[in-house]
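Notes for the structure review
One letter stands for each residue in the lines below.
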Amino acid sequence: MSISTLGARLRSLSFVGLLSLVALPMAAQAPSTMGLQRDPRIAAALADVSPARLRALDSVLVSFGTRHTMSDTVSSTRGVGAARRWIYSQLQQYSRDCGGCLKVEYDTGTAVITRHIERPRWPIVNVVAWLPGKDPNRVIVMGGHFDSCVCSSPNPMDATGDAPGADDDGSGTVAVMELARVVGKHFPQGLDATIAFVLYTGEEQGLLGSTQFAERLQREGKTVTAAFTDDIIGNVVADDGRVDSTSVRVFAVDSLAVGGGELARYVWAVGAVYQPDFEVLPVLRLDRLGRGGDHAPFHRFGIPALRFSERLENYKRQHLVTDTFEHVNFGYIAKVARLNLATVVSLAAAPSRPVRTAYGRDRESGGQSFNIRWDTVPGVIAYELLVRRTTAPTYTRIVPTGNVTTFLLDEQLDDVWVGVRAVGPNGHRSLTTVVGAPNGPRLPNPPRTPQP
Ligand SMILES: [Zn+2]
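Under an unreviewed UniProt entry, the name given to the protein chain is M20/M25/M40 family metallo-hydrolase, and the source organism is Pseudogemmatithrix spongiicola.

With that settled, the discussion passes to the overall build of the protein chain. Along the backbone of the protein chain there are 10 helices and 15 strands. Principal-axis analysis of the C-alpha atoms gives the protein chain an extent of 80 × 50 × 45 Å. Every one of the 452 residues in the protein chain was classed for burial, and the buried ones make up 47%. Sequence separation of at least 24 residues holds for 77% of the intrachain contacts in the protein chain that already meet a minimum separation of 6.

Under the local residue numbering, the UniProt record ascribes the feature "domain: Peptidase M28" (unreviewed entry) to residues 126-343. For residues 126-343, the helix share is 29%, the strand share is 22%, and the end-to-end C-alpha distance is 23 Å.

Turning to the sheet that holds strand β4 (residues 193-200), a few remarks are in order. Strand order across the open sheet formed by 8 strands is β1-β2-β4-β3-β5-β8-β6-β7, with mixed pairing between neighbours. Bordering the open sheet on either side are β1 (103-112) and β7 (279-283), each of which pairs with just one other strand. Averaged over all neighbouring strand pairs, the angle between strand axes comes to 25°, with direction disregarded. As defined by bridge partners, strand β3 (residues 135-145) adjoins β4 across 8 bridges and the pair is classed as parallel.

What follows is about the domain arrangement of the protein chain. According to the domain assignment, the protein chain consists of domain 1 (40-349) and domain 2 (354-446). One C-alpha centre belongs to domain 1, the other to domain 2; they are set 33 Å apart. Facing the 11 residues of domain 1 at the interface are 13 residues of domain 2. Elements that contribute at least two residues to the side of domain 1 that touches domain 2 include exactly α8 (260-274) and α10 (330-349).

Mapped onto the elements of the fold, Ala-349 is located in helix α10. Through-space distance from the C-alpha of Ala-349 to that of Pro-425 is 9.9 Å; in sequence the pair is 76 residues apart. What Ala-349 contacts, discounting residues up to four positions off in sequence, is Leu-191, Asp-192, Asn-426 and His-428.

Conventions used here
- Residues numbered from 1 in each chain as written.
- Predicted model: local features only at pLDDT ≥ 70, side-chain atom pairs only at ≥ 80, totals over all residues.
- Helix = DSSP H or I, 4+ residues; strand = E, 2+ residues; numbered from the N terminus.
- Buried ≥ 20, exposed ≤ 12 C-beta atoms within 10 Å, placed from the backbone.
- Contact = placed C-beta atoms within 7 Å.
- UniProt positions renumbered as here; feature names shortened; annotations may be inferred.
- Pairing = 2+ DSSP bridges.
- Axes fitted to C-alpha atoms, helices over the stretch in contact; angles between N-to-C directions.
- Domains from an automatic or database assignment.

Here it is in structure tokens:
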């Protein structure tokens with residue numbers, strides 16, 4: 001190869017591509033914005049997320065002494081009943097402040113507490129603030145659990161003693177409440193999709209509240225675009241003294257058919273657009289080892305689901321009376337909440353993703369190109385194909401296709417993953433659907449033209 005040909009080839013590689021090939025150490029992965037566009041309305045809303053408000057909210061939550069699922073429901077100052085009524089009244093206040101934009105309700109049911117020796121059937125009362133969108137049937141779930149426990153103490157079902165749960169999950173609860181306030185204030189007319197801000201109970205007894213809510217959405221025939229949980233998002237100091245307030249973990253299963261990994265890549269990209277100095281660390285498994293969270297019931301229904309958790313946990317405090325207010329960092333929670341906000345609003349402002357895909361080898365190119373097809377998504381202005389190596393953590397090439405649903409792609413599909421996504425009139429991009437994902441929804445094949 002001549003020098004000039006080599007130069008031309010090098011120039012044809014993207015600058016970002018060169019950086020990732022040459023400059024970065026093996027362990028590092030440059031954050032990719034995946035072509036997502038910054039929306040100034042979202043940027044303005046981020047500035048309103050207030051660490052002082054988060055702190056004030058968590059101090060009230062802790063003041064209820066215990067929020068154990070089986071604790072007192074009559075008292076106005078102590079127990080899970082007082083806590084949920086206070087959360088409800090706060091959300092109603094936020095709704096009044098945005099002209100009634102939020103529909104606040106209790107989501108009620110019962111569940112058997114299988115972890116209790118007597119296995120009682122017990123009321124499960126979640127608190128939900130809905131921000132209705134243009135499409136009442138398409139829902140994005142942003143949750144955290146307000147119940148607390150001392151499950152790691154000698155009396156794990158203790159429902160009367162103190163269980164402050166300032167971090168687990170007071171941190172996630174106050175983040176979701178603050179998100180309801182700020183998103184309602186900045187988007188009082190709602191977005192394209194409906195957002196459910198949910199405060200669950202019964203998490204510590206086996207994800208009872210989130211299971212109840214996920215089953216309800218299925219029963220009501222809702223299409224859930226994504227389900228998130230904020231759980232344990234306020235600690236920045238490890239037991240050995242290490243400090244990390246500049247990164248957060250996101251846990252999701254990298255199932256190509258379901259799209260959990262696509263959701264993690266989306267959050268990663270949103271973070272790179274709106275908060276580049278706050279690192280998103282995608283962890284492509286459902287949760288930490290031996291632990292669970294309120295995204296899991298949604299994952300089991302085949303919905304892209306993801307958990308946000310602090311980078312450094314301290315297991316000497318979780319589920320114990322030592323999970324107290326002074327160990328929680330509210331500036332850090334605010335950063336996680338801003339990432340939540342940018343993610344949830346971006347997804348709610350974006351169209352649905354194409355559901356079904358299909359592919360066919362292109363004969364003209366001797367099988368080196370592929371015809372890609374996908375479902376039409378109503379109201380979109382264009383589609384994009386995204387390409388990554390099967391070993392690459394995120395997409396490295398974006399191919400605009402225009403407003404078509406069939407495209408000849410100059411990639412050897414045998415060797416890469418290709419995702420297709422929809423672009424809305426406002427520039428927001430949907431989640432990606434992986435083309436030809438094993439066990440993923442397929443478009444039927446067109447009738448074959450007879451070979452000569
Ligand atoms: Zn928790």
